[in-house]
Amino acid sequence: MPELVLHVTDIDEIGRDYDFDLTRAWLDAALQDTPLRRAGEGQAGHLHVHAQQNGQEYLVQGQLTAALETDCCRCLGPTVLDVDTELTALLSPGAMGELPDEIELDAEDLDRVRFTGPDIILDDLVREQLVLECPMQPLCRPDCAGIPVPKHVRPRPEDFGPEGVDPRLAGLEQLRDKLSDDKES
Ligand SMILES: [Zn+2]
């Protein structure tokens, strides 16, 4: 069930402000199948938006905050992600699909979204914005050393052979030497 719903009939050219709590249940549902999850059991998140009519379209601008966490890419430990980001979208009535050509001229950071019916539903937009905030390679701390390799599985220097060549590759090395000998002769 969408929870972040604006009724277009309430929104005029002056616009109005909306505040939504991103509940734990909402975040849990929105973030399943993403690398993100809710951090802890406290206040989960908040969305504040100002929505105003602009001709046929509706401009929605606001601030999105959420206390999330993900897994560190090195040690897989919990990595805090305090999301505090802006949300800007221009919503045009109509079905998804081709947008008019003029739209290509718009600012890149403006999300263009279609909506149908009497309501503007922000759930998917907010979910997308949260996922975008997750870094490609999250680190629990900048100098995370990763998972320590237990001593008994660490390779010993002698495992690499006397000249650093894996003994299993010795045959290849001989072949290489033979080939280069042949070339020289
Ligand atoms: Zn880590």
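Quick look at the structure, then. Along each chain, residue indices are assigned from 1 in the same order as the chain's sequence is written. Per-residue local features are limited, in this predicted model, to residues with pLDDT of at least 70; the limit for side-chain atom pairs, both in listing and counting, is 80 or more; totals at the level of whole chains, interfaces and linings are taken over all residues. To get the side-chain values, take all heavy atoms of the structure and skip hydrogens and water.

1. With respect to the coordination of the zinc ion
Stated precisely, the cut-off is as follows: Metal donors were taken as nitrogen, oxygen and sulfur atoms no farther than 2.8 Å from the ion, or 3.2 Å where the ion is Na, K or Ca. Water is excluded, so coordination may look unfinished. Irregular is the label for any site that misses the other tests, which are tetrahedral for four donors with all angles between 85 and 135 degrees, and square planar for four donors or octahedral for six when opposite donors exceed 155 degrees and the remaining angles lie between 65 and 115. Helix numbers and strand numbers start at the N terminus; a helix is a DSSP run of H or I with at least 4 residues, a strand a run of E with at least 2.
The protein atoms that coordinate the zinc ion are Cys-72 (SG), Cys-75 (SG), Cys-140 (SG) and Cys-144 (SG), at distances spanning 2.2 to 2.3 Å. Coordination geometry of the zinc ion: the 4 donor atoms subtend angles of 107 to 114° at the metal centre, consistent with an arrangement described as tetrahedral. All donors of the zinc ion belong to a single chain; written as a sequence motif, their spacing is C-x2-C-x64-C-x3-C. On the criterion of sequence distance, the pair formed by Cys-72 in the loop between β5 (57-71) and β6 (78-93) and Cys-140 in the loop between α2 (123-132) and α3 (170-184) is long-range, its members being 68 residues apart.

2. Considerations on the nonpolar core
Just so we agree on the cut-off: Only buried Ala, Val, Leu, Ile, Met, Phe, Trp, Tyr and Cys residues count toward a nonpolar core, and they belong to the same one when joined by side-chain atoms within 4.5 Å. Under the scheme applied here, a residue whose accessible area is under 20% of the maximum for its type counts as buried, over 50% as exposed, and between as partly exposed, the area being computed with a 1.4 Å probe on protein chains only. In this analysis, two residues are considered to be in contact whenever any of their non-hydrogen atoms come within 4.5 Å of each other.
With 34 residues, the main nonpolar core has Leu-6, Leu-47, Leu-68, Ile-120, Leu-122, Val-126 and Leu-130 as its most contacted residues. Setting aside residues up to four positions removed in sequence, Val-126 forms contacts with Leu-4, Leu-22, Trp-26, Leu-47, Leu-64 and Leu-87.

3. Some points on unusual backbone geometry
Although it is not a glycine, Asp-33 sits at a positive phi angle of roughly 70°. Looking at the secondary structure, you find Asp-33 in the loop between α1 (24-31) and β3 (37-38). You can call Asp-33 exposed: its relative accessible area is 78%. Positive phi, close to 65°, is recorded for Leu-76, a residue that is not glycine. Of note, Leu-76 is situated in the loop between β5 and β6. Here Leu-76 falls in the exposed class, since its relative accessible area comes to 55%.

4. Structural notes on the packing of aromatic side chains
Each aromatic ring pair is characterised by the separation of its centres together with the angle its planes make. This is how the line gets drawn: Only Phe, Tyr and Trp rings are paired, with Trp represented by its six-membered ring, and only when their centres lie within 6.5 Å; those with planes under 30 degrees apart are stacked, over 60 edge-to-face, the remainder tilted.
Tallied over the entire structure, the rule returns 2 aromatic pairs. On the basis of an interplanar angle of 0° and a centroid distance of 6.2 Å, the ring pair of Tyr-18 and Phe-20 is categorised as stacked. Assessed through its relative accessible area of 9%, Tyr-18 is described here as buried. Assessed through its relative accessible area of 12%, Phe-20 is described here as buried. Note on Tyr-58 and Phe-115: the rings are 5.8 Å apart at their centroids and 70° apart in plane angle, and the pair reads as edge-to-face. Of this pair, Tyr-58 sits in strand β5 while Phe-115 sits in strand β7 (residues 111-115); the two residues are 57 residues apart in sequence, bridging distant segments of the chain. Neither residue differs from the other here; Tyr-58 and Phe-115 are each classed as buried.

5. Let's talk about α1
Operational definition: What the arc measures is the spread of directions leading from the helix axis to the C-beta atoms.
For α1, the full list of buried residues reads Trp-26, Leu-27, Ala-30 and Leu-31. Seen end-on, α1 carries its buried residues on one side only, within an arc spanning 110°. Residues of α1 that are buried in the fold lie against β2 (16-22), β3, β4 (45-54), β5 and α2. Looking one or two places after α1, you find Asp-33, whose phi comes out positive at around 70°.

6. Comments concerning a negative patch on the surface
Spelled out, the test is: To count toward a patch, a residue needs a relative accessible area above 30% and no salt bridge. Like charges then connect within 9 Å, nonpolar side chains (Val, Leu, Ile, Met, Phe, Trp, Tyr) within 5 Å. All accessible areas in this document rest on Shrake-Rupley with a 1.4 Å probe, and a residue is counted as covered only by the protein chains that are shown. Any Lys or Arg side-chain nitrogen located within 4 Å of an Asp or Glu carboxyl oxygen qualifies as a salt bridge. The charge count includes Lys and Arg as positive and Asp and Glu as negative, but it does not include His or the ends of the chains. Throughout, a charge is located at the NZ atom of Lys, the CZ atom of Arg, the CG atom of Asp or the CD atom of Glu.
A surface patch of like charges, here negative, comprises Asp-82, Asp-84, Glu-86 and Glu-133. Within the element layout of this structure, Asp-82 appears in strand β6.

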